[in-house]
Structure formats: C-alpha cells, structure tokens
Amino acid sequence: MKKINWLLLAVFTCAAICLRTGQLRTGFDEMGLPIAGNLFGTALIIVLFAAAVWFALEGRKLPAASDVADGTISDCFRFKSMAAVFCAVAGAFLLPASVVASVAGYSSGLQMMLLYVSTVVSAFCLLYVVVTLYRGREVLNVTLLVPVCSLIVYLIFLYRADASDPVLARFYIEILAAALLTFSSLELAGFAFGCGSPRLFMPSAAMAALLSAVNAAQRQSLASMLLFAGCALLELGFLIAMDFTKKPRADETIRPEPEENEQI
C-alpha cells in the first residue's frame, strides 16, 4: 500500500480504539442498556464508515482481477520484507496461544473443541503459506481454504453466542471483525486458484486489521485478545507483502512496428 494508506490505517485504528473505549465506559447505563446519542458511539460509526469508504476507493486504483488472473499467489504476495514476515509469523503463533488461554479458562464442550482444533490447524496452514512464499515456492492451494472454513465456524459460533444479547452495540464490532476476516481470507485463497481480486482484498484486509485491533483492545478476555491480535498481525503481514503488478491480458497482442521501406 501507499504510505498515505498506512498512515491513515494507523490513524483510523487509533481513533476507533479510543472511541470504542469511551463508548464502553460511557455508552451504557447501570442496566447495561445503550444510551441513545452517545458521542463516542456515534463518532465510532462515522470513523469506521470513513475508513471503509477510503480503502474502497483506494482499492479501485489497484489492478482488476483479470489483470492478475494469469499469475500465482507467489506473484501477488512477496514476503521479502522482514516486517511482513514478522507480522505474519507472530500472528500465526498468537492463534494457538489464544486456544491455550481459552483452555486455561476452563472453556470446554464439543463446539469449543471443534473451534480449538480448527484454529490450531489454520495457524499451522498460514505459517506454512508464509514460509513457502518467503522461500519463493508454490503454495499448496488447499491450505488456504482451511482458515476460511475455520473462520466460518467461528463466525457461526460467535453469532449463536451473541444471538441472545438484545444490545447490538455491545458485540457488533466483534461480528464485523469476524465477518471481514472471513471475507479477506476467502479473497486471499482466491489468489491461489487464479480468481483473486486486488480491489476486494486490500479494502477487506485493511478493515479486518482495523476491526481486529479494536476488538483486541476491548480486552473481553485473554483468549479473545490474543485471537484478534493474531488476526490483525496476519492481515498486516499480507498487506505488507502484497505486490499486485498489472499483467497484460492473454488476448492482448503486441503489434510490431511497421518496417521502413528499403531504398534500392
């Protein structure tokens, strides 16, 4: 991304974290019900909307899906920067750490075990993808589908857990973060199958990183904080590594310049 996009991503993230903290402290009454017209809550919605619009417009400047369809995922994501490698590897290790923290909190049950296993497997798959791309080798395509399935399971589990809560303001950030992480992972997997779209991946990854950071800052639990911090770092790692070089379409041919007539 451009430097201005990195700067605005940092500004939007810091502003959203501060506003969300203010909303959690002042936006609810003693009964836990939302206070209408809370300044922090309203400003947070405006900041998130402005960030989404900005990154969507910036994404339109990237090559179309057809321009990168002939390339592989190693052509689109180059882990040559140590910052990209550090963010992605650190994020991958934080995912199983969140599982350990959740188990230590005595969370059990069949659904939780399914979520634990899918999270750990996804972490190893993402670590394999990062290491393989760092070495310049081709990635096994199916490994990028594992995080997508894991996030779908987590999104369903999260929605069912929050379905009984009538106060949307308490959990909408977490739902949005999980939904955008799922969409971003799906777009990332698309590059391995020749159908990825830079114009969709960049905005979704940027917003997923932003919302994941905000949700981690809420500090609902150690497991949730580690999980979303790891997801935010992973998104940042792939944003740093992305390299969408516009490629000529297959139907485009280069016409040779006409040769000058030779003089006799």
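Before going into details, it helps to say that this report is about the structure given with it. Computed from a predicted structure; not experimentally measured. (Residues numbered from 1 in each chain as written. Predicted model: local features only at pLDDT ≥ 70, side-chain atom pairs only at ≥ 80, totals over all residues. Heavy atoms only, no water.)

Membership of the largest hydrophobic core comes to 62 residues, with the highest contact counts inside it found for Ile73, Phe77, Phe79, Phe201, Leu210 and Phe238. In this structure, Phe77 is in contact with Leu133, Leu188, Phe191, Phe201, Phe238, Ala241, Met242, Asp243 and Phe244, ignoring residues within four places of it in sequence. (Core = buried A, V, L, I, M, F, W, Y, C linked by side-chain atoms within 4.5 Å. Buried < 20%, exposed > 50% of the residue type's maximum accessible area, 1.4 Å probe, protein only. Contact = heavy atoms within 4.5 Å.)

Overall, the coordinates contain 2 salt bridges when judged by the stated rule. Linking Glu58 and Lys61 is a salt bridge whose minimum nitrogen-to-oxygen distance equals 2.9 Å. Overall, the relative accessible area of 8% leaves Glu58 in the buried class. The residue Asp243 makes a salt bridge to Arg78 at a minimum N-O spacing of 3.0 Å. Placement of Asp243 in the segment after α10 (222-241) and of Arg78 in the loop between α4 (73-76) and α5 (82-104) is noted, with a sequence separation of 165 residues between them. Take Asp243: its relative accessible area is 29%, and that puts it in the partly exposed class. (Salt bridge = Lys/Arg side-chain N within 4 Å of Asp/Glu carboxyl O. Helix = DSSP H or I, 4+ residues; strand = E, 2+ residues; numbered from the N terminus.)

Take helix α8 (residues 172-192) next. The terminal C-alpha atoms of α8 lie 31 Å apart, and with 21 residues this matches the ideal 30 Å at 1.5 Å per residue to within 8%. A large share of α8 lies buried, amounting to 16 of its 21 residues. Gly194, located one to two residues past α8, shows a positive phi value of around 75°. (Expected span 1.5 Å × (residues − 1).)

With that settled, the discussion passes to a nonpolar patch on the surface. A surface patch of nonpolar side chains, amounting to about 440 Å² of accessible area, comprises Tyr128, Leu140, Val142, Leu145 and Phe193. With respect to the helices, strands and loops of the structure, Leu145 is situated in helix α7 (residues 145-162). Residue class for Leu145 comes out partly exposed when judged on its relative accessible area of 33%. (Patch = residues over 30% accessible without salt bridge, like charges linked within 9 Å, V, L, I, M, F, W, Y side chains within 5 Å. Areas by Shrake-Rupley, 256 points an atom, 1.4 Å probe, with all protein chains shown as cover.)

Taking 1.5 Å as the rise per residue, helix α2 (residues 39-59) with 21 residues should run 30 Å; its terminal C-alpha atoms sit 30 Å apart, in good agreement. Where α2 is buried, its residues meet α1 (3-26), α8 and α9 (198-217). Among the residues of α2, the N-terminal cap falls to Asn38, whose side-chain oxygen and the backbone nitrogen of Phe40 are separated by 3.1 Å. (Polar contact = N/O pair within 3.5 Å; in protein donor to acceptor, adjacent residues only side chain to side chain.)

By volume, the largest pocket amounts to about 640 Å³. Lining the largest pocket are 36 residues, with Thr119, Leu151, Tyr154, Leu227 and Cys231 sitting closest to its centre. Those elements that provide at least two residues to the lining of the largest pocket are α5, α6 (110-134), α7, α8 and α10. Taken together, the residues of the lining of the largest pocket sort by class into 22 nonpolar, 11 polar and 3 charged. The calculated volume of the second largest pocket comes to roughly 170 Å³. In this structure, the second largest pocket is lined by Met1, Lys2, Asn5, Glu58, Lys61, Leu62, Met202, Met242, Asp243 and Phe244. A class-by-class count of the residues in the lining of the second largest pocket yields 5 nonpolar, 1 polar and 4 charged. (1 Å grid on protein atoms, 1.4 Å probe; cavity = no way out; pocket = protein on both sides within 12 Å on 5 of 7 lines; lining within 4 Å. Points joined across faces, edges and corners; volume = space filled by probe spheres on them. Nonpolar A, V, L, I, M, F, W, Y, C, P; charged D, E, K, R; others polar.)

This brings us to the environment of Leu186. Relative to the helices and strands, Leu186 is located in helix α8. Taking relative accessible area as the criterion, Leu186 reaches 46% and is therefore assigned partly exposed.

In this fold, Glu187 is placed in helix α8. Residue Glu187 is classed as buried on the basis of its relative accessible area, which comes to 12%. Sequence separation of Glu187 and Pro198 is 11 residues, and the distance between their C-alpha atoms is 8.4 Å. Once residues lying within four places of it in the same chain are set aside, the contact partners of Glu187 are Gly196, Ser197, Leu200 and Phe201.

A few words on the packing of α8 against α9. Packing of α8 against α9 brings their axes to within 8 Å, and their N-to-C directions diverge by 145°. For the element pair α8 and α9, the recorded crossing hand is left-handed. Along its contact with α8, which presents Ile173, Glu174, Leu176, Ala177, Leu180, Leu181, Phe183, Ser184, Glu187, Leu188 and Phe191, the element α9 presents Pro198, Leu200, Phe201, Ser204, Ala205, Met207, Ala208, Leu211, Ser212, Val214 and Asn215. Partitioning the contact of α8 with α9 into residue classes produces 16 nonpolar, 4 polar and 2 charged. (Axes fitted to C-alpha atoms, helices over the stretch in contact; angles between N-to-C directions. Left-handed = near helix turned anticlockwise from the far one by under 90°.)

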